[in-house]
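# Architecture at a glance
If you want the building blocks of each chain, they are given just below.
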Amino acid sequence: MSDQQVLGEEQPSFHADDYEKKWIGVSIVLLVAFAVTVAVAGFALGFQVPGDESRVDPRTVADSGPFSQPGLRDLGGGEYDAYILSQQYLFTPREIRVPAGSTVNFYITSIDVQHGFKLQDTNINMQIVPGQVSKLTATFDDPGEYPYICHEYCGIAHAAMFGSLIVEAGGGS
Ligand code: CUA
């Protein structure tokens with residue numbers, strides 16, 4: 001007839017061997033460490049998440065408004081707005097110059113596909129999504145060249161998509 005066994009009703013019980021228990025402990029320690037890392041990065045080191053500043057129509061964003069004339073706006077007091085337009089395979093403008101000590105608000109959008117924007121030696125690193133303006137702010141105390149690159153694969157000439165921010169010495173307030 002049948003070989004099936006009738007299973008008795010066993011009470012479920014937690015059993016873990018020592019090795020498992022150690023790994024559970026390690027996992028909990030890691031979770032706490034990650035939470036502390038995020039808190040320190042956000043509150044003590046000033047890391048920011050790119051703001052979804054506003055919604056735009058990628059088909060018309062370059063026709064009027066600030067993105068029709070990408071580039072730098074001097075707000076006075078050492079603060080600037082930088083409007084940067086992304087498209088395959090170009091950032092417009094390709095070069096931005098500010099005096100040392102400047103604070104720059106980057107407003108970036110795309111008129112075609114998804115791009116990325118990473119500014120070397122800063123914590124500016126964001127995705128550029130068509131239809132959305134991404135915004136981050138940084139202050140540049142040290143003169144030098146800060147290259148920016150597209151870090152989101154956007155097509156055959158993705159690697160050619162870059163530009164540079166030049167922080168000029170001697171322009172301090
Ligand atoms: Cu734009 Cu890669």
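Each remark here, short or long, concerns the structure printed above.
Residues numbered from 1 in each chain as written. Predicted model: local features only at pLDDT ≥ 70, side-chain atom pairs only at ≥ 80, totals over all residues. Heavy atoms only, no water.

For the rest of this paragraph, the subject is the pattern of salt bridges. Applying the stated rule across the entire model yields 3 salt bridges. The shortest N-O distance in the salt bridge between R59 and D57 comes to 3.1 Å. You can call D57 partly exposed: its relative accessible area is 29%. Through salt bridges with shared partners, one network takes in E95, R97 and E168. (Salt bridge = Lys/Arg side-chain N within 4 Å of Asp/Glu carboxyl O. Buried < 20%, exposed > 50% of the residue type's maximum accessible area, 1.4 Å probe, protein only.)

Moving on, we come to the sheet that holds strand β10 (residues 144–149). As summarised here, the arrangement of the 5 strands in space is β5-β11-β10-β7-β8, forming an open sheet in which the pairing is mixed. Looking at the sheet topology across the chains shown, the edges are occupied by β5 (95–99) and β8 (125–128). This sheet shows a mean twist of 20° between the axes of neighbouring strands, independent of strand direction. The pairing of strand β7 (residues 115–119) with β10 spans 2 bridges and is antiparallel. Bridge assignment links K118 to a residue of β10, and that residue is I149. (Pairing = 2+ DSSP bridges. Helix = DSSP H or I, 4+ residues; strand = E, 2+ residues; numbered from the N terminus. Axes fitted to C-alpha atoms, helices over the stretch in contact; angles between N-to-C directions.)

Of note, Y83 is situated in strand β3 (residues 79–87). On a C-alpha basis, the gap between Y83 and I108 in space is 5.9 Å, while along the polypeptide they are 25 residues apart. Among residues more than four places away in sequence, those in contact with Y83 are P66, F67, P70, G71, R73, T92, P93 and Y107. (Contact = heavy atoms within 4.5 Å.)

Attention shifts here to a nonpolar patch on the surface. A surface patch of nonpolar side chains, about 800 Å² in accessible area, is lined by F14, I24, I28, V32, V36, V40, L45 and F47. Its location among the elements puts L45 in the loop between α1 (18–44) and β1 (51–55). What makes L45 exposed here is its relative accessible area of 55%. (Patch = residues over 30% accessible without salt bridge, like charges linked within 9 Å, V, L, I, M, F, W, Y side chains within 5 Å. Areas by Shrake-Rupley, 256 points an atom, 1.4 Å probe, with all protein chains shown as cover.)

All right, on to unusual backbone geometry then. That bond from Q88 to Y89 is cis: its omega, 0°, falls within 30 degrees of zero. Mapped onto the elements of the fold, Y89 is located in the loop between β3 and β4 (90–92). For the bond running from T92 to P93, omega is 0°, close enough to zero to count as cis. Here P93 lies in the loop between β4 and β5. Backbone geometry places D121, a non-glycine residue, at a positive phi of 65°.

A word on the nonpolar core. Among the nonpolar cores identified, the biggest contains 25 residues, and F106, F117, L119, I124, M126, F140 and L165 are the most heavily contacted of them. For this core, the secondary structure elements donating two or more residues are β3, β5, β6 (102–110), β7, β8, β9 (132–140), β10 and β11 (162–168). The residues contacting I124, other than those within four sequence positions of it, are F106, F117, K118, L119, L136, T137 and A138. (Core = buried A, V, L, I, M, F, W, Y, C linked by side-chain atoms within 4.5 Å.)

Turning our attention to the packing of aromatic side chains. Overall, the coordinates contain 8 aromatic pairs when judged by the stated rule. Seen in terms of ring centroids, F106 and F140 are 6.3 Å apart; in terms of plane orientation they differ by 80°. Their pairing is edge-to-face. With F106 in strand β6 and F140 in strand β9, this residue pair connects regions lying 34 residues apart in the sequence. The exposure class of F106 is buried, given its relative accessible area of 0%. The exposure class assigned to F140 is buried, which follows from its relative accessible area of 2%. Members of the aromatic cluster, joined through ring pairs, are F91, F106, F117, F140, Y146 and Y148. Positioned over the ring face of F162 is R94, at 4.6 Å from the centre of the ring. (Phe/Tyr/Trp six-rings, centres within 6.5 Å; stacked < 30°, edge-to-face > 60°. Lys NZ or Arg CZ within 6 Å of the ring centre and 35° of its normal.)

Let us look at the pairing of β3. Among the 9 residues of β3, 7 are classified as buried, and the element is accordingly described as predominantly covered. Note that strand β2 (residues 71–76) and β3 share 5 bridges and pair antiparallel. Paired with G71 across the strands is Y83, a residue of β3. Taken together, β2 and the strand that follows it, β3, pair antiparallel across an intervening segment of 2 residues, in which G77 is found at a positive phi of about 65°. In this sheet, β6 lies alongside β3 in parallel orientation, the contact comprising 8 bridges. The partner of D81 across the bridge, within β6, is N105. Note: β3 against β4, 3 bridges, orientation antiparallel.

In short, shape yes, function no, at least from these values alone.
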